[in-house]
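Spelled out, the chains give:
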Amino acid sequence: MYGDDIHLWLHHIRAERLRDEAREASRPRPRPARARALRARVGWTLVEVGLRLATPRLPQSGLTARFDH
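Residues numbered from 1 in each chain as written. Predicted model: local features only at pLDDT ≥ 70, side-chain atom pairs only at ≥ 80, totals over all residues. Heavy atoms only, no water.

Here we come to the overall build of the protein chain. Helices and strands together make up the secondary structure of the protein chain, namely 3 helices and 0 strands. The linear arrangement of helices and strands in the protein chain, starting from the amino end, is α-α-α. Burial statistics for the protein chain: of 69 residues in total, 1% are counted as buried. Taken as a whole, the protein chain presents about 7,400 Å² of accessible surface, with 62% of it coming from carbon and sulfur. (Helix = DSSP H or I, 4+ residues; strand = E, 2+ residues; numbered from the N terminus. Buried < 20%, exposed > 50% of the residue type's maximum accessible area, 1.4 Å probe, protein only. Areas by Shrake-Rupley, 256 points an atom, 1.4 Å probe, with all protein chains shown as cover.)

Here it is, written out as structure tokens:
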């Protein structure tokens, strides 16, 4: 049928562009020191929150419960 070769040609062009995009996206980019520091702080904060949520609380005695108000 007329135009089948055009469709195939366009498919090859699109596939080549997608491969180029994938290559570009897979290249490692250095992160600025400020971004690395922020990421580390947020990560450790999440770890701390998770540990606090996962640690069971000890039952409080009557004496300490009264002074928590």
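This brings us to a nonpolar patch on the surface. A cluster of nonpolar side chains, namely Ile 6, Trp 9 and Leu 10, defines an oily patch on the protein surface of about 340 Å² accessible area. With respect to the element layout, Leu 10 can be found in helix 1 (residues 4–26). (Patch = residues over 30% accessible without salt bridge, like charges linked within 9 Å, V, L, I, M, F, W, Y side chains within 5 Å. Salt bridge = Lys/Arg side-chain N within 4 Å of Asp/Glu carboxyl O.)

Within the structure shown, the criterion is met by 3 salt bridges. The residue Glu 48 makes a salt bridge to Arg 52 at a minimum N-O spacing of 2.7 Å. Pair noted here: Glu 48 and Arg 52 are both in helix 2 (residues 33–54), with a separation of 4 residues, about one helical turn. Looking at Glu 48, the relative accessible area reads 40%, which means it is partly exposed.

What follows covers helix 2. Taking 1.5 Å of rise per residue, the 22 residues of helix 2 would be expected to cover 32 Å, and the 32 Å separating its terminal C-alpha atoms lies within 8% of that figure. Among the 22 residues in helix 2, 0 count as buried, and that is only a small part of the element. (Expected span 1.5 Å × (residues − 1).)

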